Structure formats: C-alpha cells, structure tokens
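If you want the building blocks of each chain, they are given just below.
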Amino acid sequence: MKGLSHFFRRSPAWEDTVFWSLDLETEGLDPRRHHILSVGMVPVRRGLIRLSEAYASLVRPSGQPTVENGAIGAHHLRPADTADAPDLASILPAVKERIEEGVLLLHHAPIDLGFLRRAFSENGHEWKKPLVVDTVRLLYRSASQERFLGGQNTDPELNLFAARQKFHLPLYPPHDALTDAIATAELFLALRSRLGATRVSQLT
Amino acid sequence: MDPRSFLRQTPPFDVLSDEDFETAAGAMEIAFHPAGTRLLTAAGKPSEALRLVRKGLVRLEKGGEVTQVLEEGDFFGFSVLTGTVETDVIVEEDLLEYRIPSTVFRALLSDELFARFFTKRLAERLRSASVVNMPLLPADVLAPVGSLLDHRLVTVECGATVVDAARRMRDERVSSVIVLCDPPAIVTDRDLRNRVLAEALGPDTLACRVASSPLRSLPDSTPVFGAMQFMLEHGIHHLPVLRGGQISGIVTSTDLLRHQSHGPLLTFKKVEKMRGPSAAKGYGGDLARMVSTLLGSGLPASHIARLVSHLNDALLKKLVSWAERDLGPPPCPFAFLVFGSEGRLEQTLLTDQDNALVYRDSSADASTYFSAFAESVVKGLVAAGFPPCPGGYMATKWKGPLSEWIERFSGWVQAPQAEAVLAAAIFFDFRKAGGSLDVSSLWDEIGQARKNAPFLSHLSRAAVGFRPPIGAFRRLSLENGGVDVKKGGITPLQGVARVFALDAGLRATSTVERLRGAASAGLISREMADDLIEAFEFLLDLRLRNQFEALTEKRELGNHIKIEALSQAERRHLKEAFLAIRDAQREIVHRYHVTTA
C-alpha cells in the first residue's frame, strides 16, 4: 500500500494542473484529406474554466477545400466564412504554446490528435504527444464505476451532447469550436467530481 | 444557450452596454460542484466572485435552517461586495456556476442601472426592470398633452355676448372659446346649440351665463393618456391646458383622436353616438381593439383598466338613458352599482357582469318600474358583450330599495357567516356607475366593519385562502409547467387590500388605492405597500398580455401562465411578486388572528 500512495503522490493534484480543452471543426474525419476549419481552446486552471484565456480562430484551409456531402451540415462553416481567416501555419504556434503548458483535454481524443499530429508535422513543428485526458474514456470509467456500485448496467452515452445531458449540464448550441471546448471542459469537471479523482494520473 | 448568451439575458447583465458586457463575458469563469459541497460559510471568507447558478440548486442556511433555495438564473456571493457572508451556501443539486471575478464585477458597478439591481428593494427593482423591458412607447400616449396644442388661445372678455363668442370662434376656426371672467369659463359649439339656441336665448345673452366653470384643466406636462383618462372621466371634449398655472390653449378630443385610430376617445365617441341597444353590439370588439393598441404601446395594465372602466361607465349611462326613454322617467332616484373588477376599476377585458340596482323608495311602483329597468340595462350589457354573471350577481336579481340594501350590508358585517364573507368580497368592492341616488349610507354600514374584529378575521381568512405558488425554500411551485396568476396572486392580493381598506375605514375600492391608503393609515409600511402595488401591477400586466396572446391564437382565455414563455427577468419578478404577497398574507394572519382550519 505504501508504494501505491507513493505513486499517487508523484502525480500532481488535479487543481494544480492546467488542462487545455481543445476542439477542432474539420471538413471531415480523415486528417489526410480533410482540413481544419476552426480551433477553440479554453483552460481549466485551479479547477475553474477561464473564459478570459479562451483562444479561438477560424482557419483558412490550404489548397482545395474538400467539400463533401453533408460536411457543411456538420460544421456549419462555408468556404466564404474561412476565406479571410489566417492559415493553419500562422495559428499553430498559439495552439502549440497552449498545449505544451499542461494537459490536453479532448472529447474523443483519437480524431483530434490525428489532425493535430498531421498539422504539426506538415508545418515543421515537432509533435511531442502531450499528456491527454479524454472525456470519452472518463465516461467509460464512470459507467464501470456505476456498474460496480450497483447502478444500471448500460453503455455510456459517448456523444458530447448526450453525455452532458446525462450529467445535467446545460444545452449549448453545437458546431462552434470554442463552445464545444467549453462544453468538454464542463463535462470534464463533472466527471472528475463523479470519479472522485484527485490526481492527474487518475484522469489520464 | 451558450454561456455568453445566458449571461446576456440574465438581469442586470441585460442592461449593460455592449462594451461593458464584453468585459464581463470575457472575464467569466465556470465551475462545477457536486451536491453537498459547502461553497461559503456564514461569517467565513467572503466570495471572490459574483456567482450565478447556471444549472443545479444551491441552498442558503442560517444556523442549520434552510432559508432559501437558489435556482437557474439566481445570484449569490454578494459577500464579494459586502465582505460578510450572511448564510452558509451549500450545493443542493450538482451545480454548474458562472462567476464574475471580484475586480471585474466592481468595475461594472460604475454602471448605475446595473449597480441598482444589487442594492435596491423589490419595488424599485421591478420598476426599473419594467422600464427596461417595456417596448418603446409611441409618442401618442406618453407625450405631454401640451405637445398637441396647435392653436393659440382664443378668448373673449367677460362682458362678451354669445354672438361675440360665436364670431370669435368662426373667425379663429375653433370649437371653443375661453371667457375671461373670474374664474374663467369655457363656451363650446355644443353649448351654443344646447344652452342658447335650444333654450331660445337671445343674441344678447352674456357668454358667461352659458359657459362652464370652473374649468377642468390639466398641466401641459400631463401625458396624453392621462389627459384622455381625465376627459373620459369628466365627459368633456375640450381640455384647457395650463402652463405655469396659465391657460395656454385648448386640446380637443378631436386633437387626441387624430393621434389614435383605436384609442379610447374614439371608442368613447362611438359610445356617445350610439342611438339604441342594437348599436351596442360592436362595443366588445372595439374595446378589445383599443386594449390591444394600448397594450402594444406599452401602457401598464392598471392604466388600461381605468380607461376601460370609464368607457364601460359611458356605455352604462347610455343604456340607462335608453331604459328611461322606453320606460318613462323613474319614480324615484336610483343608483346602478357595479362590483368586482368593475367596481375596483380593474377590468380590462369584458368579464362577467357584476351589478346591482338600488332605489330610494320602497314602493310597489318603484319595484315594478325598476324590475323592467334592470331587465333592460342587463340585456343591453349582454348585447354589448358582457356575459351574464354565472353566480347571478346581476341587477335583475340584486335590486331593491336603499333601506333593504342598508340592512343587507349591515347583516353581512354583523353576522359574518361564510356566505356573508363571500358577499362582502363581492359587494364591498362597489362603485356607482349610473343614477343620482346618494349611496354613501352603504359606506357607513361597511364602515362598521372597522370595529368588528370577528368580521375582519373572517374576511382575512378568505384573503389567505389561496396561497401564492411558492414551495419549500422560496421556489416557484409549478402546475402543468406554469402558475395561475389569478388564484395565486391577483385574488389573494385583492383580498389582502380589502381587509386593510375595511380596517382603515377607506372608501377606495381599487386595490392600488387601498394599499396606498393602508400605508397612510399606518396599517402597513410604505415599503410593503410599494412592493405590493408593484407586484399587483406586474401580475395584472402579465395576465393581460397572456390573455391577448390567447385571443390572437384563439385559445381560451385563462390565468395560467407557462413559465417557459417568460424571460429570465419575468420569472424572477414573478417569484418576487408572489413572495411579497405571501409576506402580506402572513401579516394578515398575524394581525387579524386568523386560525387556519
């Protein structure tokens, strides 16, 4: 037991850690073919989501935009909306700087991580995989904890919108990267509390 | 709704300039606390931010007793300003809170309207909120009446004859002239016809002999709707307007009409032109259109109600005159009384008739005459759009000589049975709307209630029979997703005001005047009266707007207000209005020793 508590002590307390919640709106789900259209980021610092530090930008896709059936329906951005936005290369430093400050917080991490990795390497930035907290993984963990405690034996709702509803979080309009980043950060706070996690290692 | 929009629509953030709001929204912090978390401790460390409940519930406790439960849209953490935490603040249901950090919040307080929200009492809060929420008023109802003057004052000397007056009017193309006697008087077109020609007076008749005085006048700063109300009340078509105490001109009903297509004066004119009961048919529709216009222009429901009452009175006078025309002159003086909302001057849409007839002599002749008379008037009211009263409180049934009425009123006060209390609640809100009989002796009987503790106690019990829909911990308790503003607010408050008025010996019947009177008599504090008046006007307004929406959507008119149809600000005011009424009911229970069965 001594060893275990030692292990926990090594991991920082969650309140002392900065979590940067990030959301990307993209043309589609394939980083090789689709472009990033907008980025939203907001930090959780000392347990508070701080809108004063929020970062958001539209991104002008380089080269031919890939418009596919239904894609505009998913992200609600038309080519004209991003025509005057900065390109990916010019916003990446701002994104990188924030990611490197602490833990990266994502809802369904693999997709966004794929886009970020590709964006970094294509623009000459080294991609050092950050410590990642994925709210989808926390949802699984919360569901199994619930089962263990004798609750309902159901699969967790993994969709951000549905998961938030289950945790009685307010309804936010979708399709905006910053709002989704805030929504993810709130879900994270609710899950953190539900799981009783106090150390970062209990969340990653 | 995203965090920014939610904050924007939550008062007082809705009054901030765009720039200030950006400062607030940009500085917002969001936190989550599970149920059971103690956020603040009484006399402990003050809050570092102004805090807004976004989701979940928070309970305030004093010495372990829950004093209040905060819900979505409620603020806490006022200790950020005062430095002292008054109550324990504990999360009741998982809380998502928005926070405005101390420094930013303090900076916003330089906005006076914003700051006032956090410092003032209910009445002022409601008042300032209604100013903000009210649509901009068109110039035609709130403009000063002086702005309608478009002709200099036309006068004749005191010794002028009617011919001099008529010539001046012709030359100046006006319909009235001021006769400069002491006091000054007014001669109108109508006077020349009715008081000179029709009376076969000669051209040498002095103008002052047929002129009206003293003048019924108003300062030029009076809002147009006030002038309309005044002219309707006194049945005049020419209004001398005063500037600095001097007559500066005459505003005519035509001047006012020009500004209003569905205005009260047009409806009034229509009533005046009615020649027989069949003409009364369109009255209900005209009235509804007028109310809709006034409502749309932002006039408060209580003002609209007064205008409606005056119009109803004008109609009633017509019906009375037709009855007299058909039945011949009455054998003795009489008074046509109206009750309930009509008696309190609080009627807005045509509701069930509540009326009665009192006549001086208890002769068989009178009985026969007034039976037919009541039939005729009540039938006319039905034709005009006033449905018959389902409880049968109508002049066709409730009629009799004054002596009988005095006995009846006295019986109700002396032997307050359940039935008497019900009758008192209806009949004691009476107003004479027609006839010339002096009915002040009825008020003398009602005045006996003052010294009659059992009566007041019974009446009080009735006044607290319906409770505002406030549940445990000061939360609104909803029924079918809404509240009944009549049962839960308007009726209890009318009941409360009635008790105070009878105790203070007031003869006022309108709820607002009764509350003011109760404060003047020292029965309640000025603050409580203000709070209750604001609450009352807010509820009346809410109900009237709701009823008009129902009319437009062809739904049934009711008193049920859906909570989701209300803005954040309206929900808050609704709750505060109900809380004020609950406080007043508690005061009543305490003061009149009501024992709840």
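Model, not experiment: these values are computed from the prediction.

Conventions used here
- Residues numbered from 1 in each chain as written.
- Chains lettered and ligands numbered in written order.
- Predicted model: local features only at pLDDT ≥ 70, side-chain atom pairs only at ≥ 80, totals over all residues.
- Heavy atoms only, no water.
- Helix = DSSP H or I, 4+ residues; strand = E, 2+ residues; numbered from the N terminus.
- Buried < 20%, exposed > 50% of the residue type's maximum accessible area, 1.4 Å probe, protein only.
- Contact = heavy atoms within 4.5 Å.
- Axes fitted to C-alpha atoms, helices over the stretch in contact; angles between N-to-C directions.
- Parallel < 35°, antiparallel > 145°, perpendicular 65-115°, else oblique.
- Left-handed = near helix turned anticlockwise from the far one by under 90°.
- Nonpolar A, V, L, I, M, F, W, Y, C, P; charged D, E, K, R; others polar.
- Phe/Tyr/Trp six-rings, centres within 6.5 Å; stacked < 30°, edge-to-face > 60°.
- Lys NZ or Arg CZ within 6 Å of the ring centre and 35° of its normal.
- Disulfide = S-S within 2.5 Å.
- Pairing = 2+ DSSP bridges.

Considering the overall build of chain B
Phase 1 of the analysis: What chain B contains, in helices and strands, is 25 helices and 18 strands.
Phase 2 of the analysis: Projected onto its principal axes, the C-alpha positions of chain B cover 90 × 60 × 45 Å.
Phase 3 of the analysis: With 597 residues in all, chain B has 54% of them scored as buried.
Phase 4 of the analysis: Across chain B, the fraction of contacts at a sequence separation of at least 24, relative to all contacts at a separation of at least 6, is 71%.

Here we look at the packing of helix 21 (residues 453–463) of chain B against helix 22 (residues 485–504) of chain B
All names here are of chain B.
Phase 1 of the analysis: In the contact formed by helix 21 and helix 22, the axes pass within 8 Å of each other and the chain directions differ by 165°. It follows from the interaxial angle that helix 21 and helix 22 lie roughly antiparallel. Pair helix 21 / helix 22 crosses with left-handed handedness. For the pair formed by helix 21 and helix 22, the contact residues are F455, L456, L459, S460 and A463 on the first element and P492, G495, V496, R498, V499, L502 and D503 on the second.
Phase 2 of the analysis: Considered class by class, the residues forming the contact of helix 21 with helix 22 number eight nonpolar, two polar and two charged.

A few points about the packing of aromatic side chains
Phase 1 of the analysis: If you walk through the whole model with that rule in mind, you get 30 aromatic pairs over all chains.
Phase 2 of the analysis: Considering the side-chain rings of A:F19 and A:F188, the 4.7 Å spacing of their centres and the 45° angle between planes classify their relative orientation as tilted. Of the two residues, A:F19 sits in strand 1 (residues 19–26) while A:F188 sits in helix 8 (residues 177–195), which places them 169 residues apart along the sequence.
Phase 3 of the analysis: The exposure class assigned to A:F19 is buried, which follows from its relative accessible area of 0%.
Phase 4 of the analysis: On the basis of relative accessible area, A:F188 is assigned to the buried category, the value being 0%.
Phase 5 of the analysis: Between the aromatic rings of B:F430 and B:W443, the centroid separation amounts to 4.8 Å while the plane-to-plane angle is 20°, which identifies the pairing as stacked. On the criterion of sequence distance, the pair formed by B:F430 in the loop between helix 19 (418–427) and strand 16 (431–435) and B:W443 in helix 20 (residues 440–447) is long-range, its members being 13 residues apart.
Phase 6 of the analysis: Classification of B:W443 by relative accessible area gives buried; the value is 11%.
Phase 7 of the analysis: Following the ring pairs from residue to residue traces out a cluster consisting of B:F339, B:Y393, B:W398, B:W405, B:F409, B:W412, B:F427, B:F428, B:F430, B:W443 and B:F455.
Phase 8 of the analysis: Between the NZ or CZ atom of B:R54 and the centre of the ring of B:F6, over which it lies, the distance is 4.1 Å.
Phase 9 of the analysis: Note that B:R408 overlies the ring of B:W405, its terminal NZ or CZ placed 4.5 Å from the centroid.

Regarding the state of the cysteines
All names here are of chain B.
Phase 1 of the analysis: This model, assessed by the stated rule, comprises one disulfide over all chains.
Phase 2 of the analysis: One disulfide bridge connects C158 with C181, the sulfur atoms lying 2.2 Å from each other. The sign of the 105° torsion about the S-S bond sets the C158-C181 disulfide as right-handed. With C158 in the loop between strand 7 (155–157) and helix 8 (162–172) and C181 in the loop between strand 8 (176–180) and strand 9 (185–188), this pair connects stretches of sequence that are 23 residues apart.
Phase 3 of the analysis: Since its relative accessible area comes to 31%, C158 is described here as partly exposed.

A look at the sheet that holds strand 15 (residues 399–401) of chain B
All names here are of chain B.
Phase 1 of the analysis: Spatially, 15-14-13-16 is the arrangement adopted by the four strands of the open sheet, whose pairing is mixed. Whereas interior strands pair on both sides, the edge strands pair on one side only; in this sheet they are strand 15 and strand 16. On average, adjacent strands in this sheet sit at an angle of 25° to one another, irrespective of strand direction.
Phase 2 of the analysis: Relative to strand 15, strand 14 (residues 355–359) runs parallel, the two being bridged by three bridges. Looking across to strand 15, one finds that V358 is bridged to G400.
Phase 3 of the analysis: On top of the sheet, helix 17 (residues 364–384) reaches strand 13 (334–338), strand 14 and strand 15; it is set at about 155° to strand 14, its chief contact.
Phase 4 of the analysis: In the packing of helix 18 (residues 402–414) onto the sheet, the strands contacted are strand 14 and strand 15, and the crossing angle to strand 15 comes to about 105°.

Some thoughts on the environment of B:M169
Residues and elements named next belong to chain B.
Phase 1 of the analysis: Mapped onto the fold, M169 is located in helix 8.
Phase 2 of the analysis: Exposure remark for M169: the relative accessible area of 3% places this residue in the buried category.
Phase 3 of the analysis: Between the C-alpha atoms of M169 and F76, which are 93 residues apart in sequence, the distance is 67 Å.
Phase 4 of the analysis: Leaving out residues up to four positions away in the same chain, M169 has contacts with V174, S175, S176, V177, V187, T188, D189 and L192.

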